Amino acid sequence: MRVRIGVSLGAAGAPGEFESAVGLLESTGIDSLWLPENVYGPTVEPFTGMTYALAKTTRLKAGSGISILPGRHPVLVAKQLASLAGLAPGRVLPVFGLQPALAAERALFPVPPGKRGPVFDEALRLLRLMLTTDEVTFHGNFFTVDGASVGPLPAKPLDVWLAGSAPPALRRVGRLGDGWLGSLLTPAEARAAVATINAAADEAGRAVDQDHFGTSLAVTFDGIPDALAAAIKRRRPDADPASLVADGWAGARAMISALVEAGLSKFVVRPATSAAPVEDFIAGFARELMPLQT
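Residue positions within a chain follow its written sequence, with the count starting from 1. The predicted nature of this model means local features are confined to residues of pLDDT at least 70 and side-chain atom pairs, given and counted, to a pLDDT of 80 or more, with totals for whole chains, interfaces and linings taken over all residues. Excluding hydrogens and water, the side-chain values take into account all heavy atoms of the structure.

Regarding the overall build of the protein
Working step 1: The number of helices and strands found in the protein is nine helices and eleven strands.
Working step 2: For 294 residues, the compact-globule estimate of 2.2 N^0.38 gives 19 Å, and the protein sits close to it at 18 Å.
Working step 3: In terms of overall dimensions, the protein has C-alpha extents of about 55 × 40 × 40 Å along its principal axes.
Working step 4: Every residue pair with non-hydrogen atoms within 4.5 Å of one another is taken to be in contact. Counted over contacts in the protein with a minimum sequence separation of 6, partners at least 24 positions apart contribute 71%.
Working step 5: To measure how exposed things are, a 1.4 Å probe is used in the Shrake-Rupley method; for residues, cover is taken only from the protein chains shown. Summing over all exposed atoms, the protein offers an accessible surface of approximately 13,100 Å²; the carbon and sulfur share of this is 57%.
Working step 6: Counting 27 positive and 28 negative side-chain charges, the protein places the centres of these two groups 3 Å from one another. Helix and strand labels come from DSSP, where a helix needs a run of H or I of at least four residues and a strand needs a run of E of at least two; each type is numbered from the N terminus. For the radius of gyration, the atoms used are the C-alpha atoms, and the globule rule reads 2.2 Å times the number of residues raised to 0.38. Here the positive residues are Lys and Arg and the negative ones are Asp and Glu; neither His nor the chain ends is included. Each charge is placed at NZ for Lys, CZ for Arg, CG for Asp and CD for Glu.

Put into structure tokens, the structure is as follows:
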């Protein structure tokens, strides 16, 4: 497996620091930049940020980590992705999730009550058709298009990765996804998640590339911030936050090594706080984590 480690900028993903951070990522040779979908936060919107970063660089890859698909029309999303893939071939890494982490943002991605999972499944099927077929006619339960096209298709089909760690989300990856980006998992939990995805893929008569399993990882340098600890407790009330957040660069190296042993090979690393300048974080990342890539 090819171990690759990308960066999510945290607070430096806001417009004021974004341009300089992107330049540093490119000049340092970092593999990829990942942009979270935090509508009510200060960070740039993922598709806007991806477009900007790809236009400003020549080799940096850019991913949406994680964009919400249910509540968006998949044909419009396909048009965005096809356009980006045409402008920056081989550097577009879409990852989609079921719903925002913040409950307050969920109304911004409306779906019929109780139908978010089925809408996600159908949107994924239509999205994939739009990205691989010149003209699409599709009559589903939630979406209907006749003779739809998004223009020139990507020269190489885009891999569409999915997020989520609950059993239904993992099975969805096996049925419909090209890869998986998890979060807040121990190595043992990651290993079990990979097995669940592979079993669902087998049942669906397909396969997920074994090089396409990854996770995001927060790194803290002065204890876990209260806000992050509280967010982890909301999602994982049974878990010790210290087991899910890397303690400094040494902790990040140890956690990545253990997760590689569990079957993961792609990582998105972000600072847990905004205390350290982004220049220091990127320099430390390059020094401490880039040598782990294979």
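Comments concerning the pairing of strand β11 (residues 266–271)
Working step 1: With a 1.4 Å probe rolled over the protein chains alone, any residue whose accessible area is under 20% of its type maximum counts as buried; one over 50% counts as exposed, and the rest are partly exposed. In terms of burial, β11 is a largely internal element, five of the six residues being buried.
Working step 2: Should DSSP find at least two bridges between two strands, the strands are regarded as paired. Relative to β11, strand β1 (residues 4–7) runs parallel, the two sharing four bridges. Residue pairing in the sheet places Arg4 in a bridge with Lys266 of β11.
Working step 3: Across six bridges, the pairing between strand β9 (residues 213–220) and β11 is parallel.

Focus: unusual backbone geometry
Working step 1: Following Gly65, the chain continues to Ile66 via a peptide bond in cis, the omega torsion being 20°.
Working step 2: Following the sequence through the fold, Ile66 ends up in strand β3 (residues 61–68).

A look at the packing of aromatic side chains
Working step 1: Each Phe, Tyr or Trp ring (for Trp, its six-membered ring) is paired with any other whose centre lies within 6.5 Å, and the angle between the two planes then decides the class: stacked below 30 degrees, edge-to-face above 60, tilted in between. According to the stated counting rule, one finds three aromatic pairs in the structure shown.
Working step 2: Aromatic side chains Phe18 and Tyr52 sit 6.0 Å apart centroid to centroid with 55° between the ring planes, which places their arrangement in the tilted category. On the criterion of sequence distance, the pair formed by Phe18 in helix α1 (residues 15–28) and Tyr52 in helix α2 (residues 46–56) is long-range, its members being 34 residues apart.
Working step 3: Aromatic rings pair up to connect Phe221, Trp249 and Phe281 into one cluster.

Concerning the packing of α1 against α2
Working step 1: Where α1 meets α2, the axes come as close as 10 Å, and the angle between the chain directions of the two elements is 45°. On the basis of the axis angle, α1 is oblique to α2. Between α1 and α2 the crossing geometry is right-handed. In contact with Phe18, Glu19 and Val22 of α1, α2 contributes Gly49, Tyr52, Ala53 and Lys56.
Working step 2: When residues are sorted by character, Ala, Val, Leu, Ile, Met, Phe, Trp, Tyr, Cys and Pro go into the nonpolar class, Asp, Glu, Lys and Arg into the charged class, and all the rest, Gly among them, into the polar class. Across the contact of α1 with α2, the residue classes tally to four nonpolar, one polar and two charged. The angle between two axes is taken between their N-to-C directions and runs from 0 to 180 degrees, where each axis is a line fitted to C-alpha atoms and a helix contributes only its stretch in contact. Geometric relationships in this document are graded by angle, where less than 35 degrees denotes roughly parallel, more than 145 denotes roughly antiparallel, 65 to 115 denotes roughly perpendicular, and other angles denote oblique. Working rule for handedness: look at the near helix, and if it is turned counterclockwise from the far one by less than a right angle, call the crossing left-handed; if clockwise, right-handed.

Quick word on the side chain of Glu105
Working step 1: Relative to the helices and strands, Glu105 resides in the loop between β4 (92–97) and α4 (116–132).
Working step 2: Buried charge without a salt bridge: Glu105, with Arg106 as the nearest opposite-charge side chain at an N-O distance of 8.2 Å.
Working step 3: In this view, Glu105 contacts Glu37, Asn38, Val39, Tyr40 and Pro100; residues no more than four positions away in its chain are not counted. Each salt bridge in this description consists of a side-chain nitrogen of Lys or Arg and a carboxyl oxygen of Asp or Glu lying within 4 Å of one another.

Considerations on the nonpolar core
Working step 1: For the purposes of this section, nonpolar cores are sets of buried Ala, Val, Leu, Ile, Met, Phe, Trp, Tyr and Cys residues that join through side-chain atoms within 4.5 Å. Of all hydrophobic cores here, the largest spans 77 residues; its most connected members are Leu9, Leu33, Leu81, Phe96, Leu127, Trp180 and Phe285.
Working step 2: Ranked by residues supplied to this core, first place goes to α4 with eight residues.
Working step 3: Among the nonpolar cores identified, the runner-up in size contains eight residues, and Ala218, Ala239, Leu244 and Val245 belong to it.

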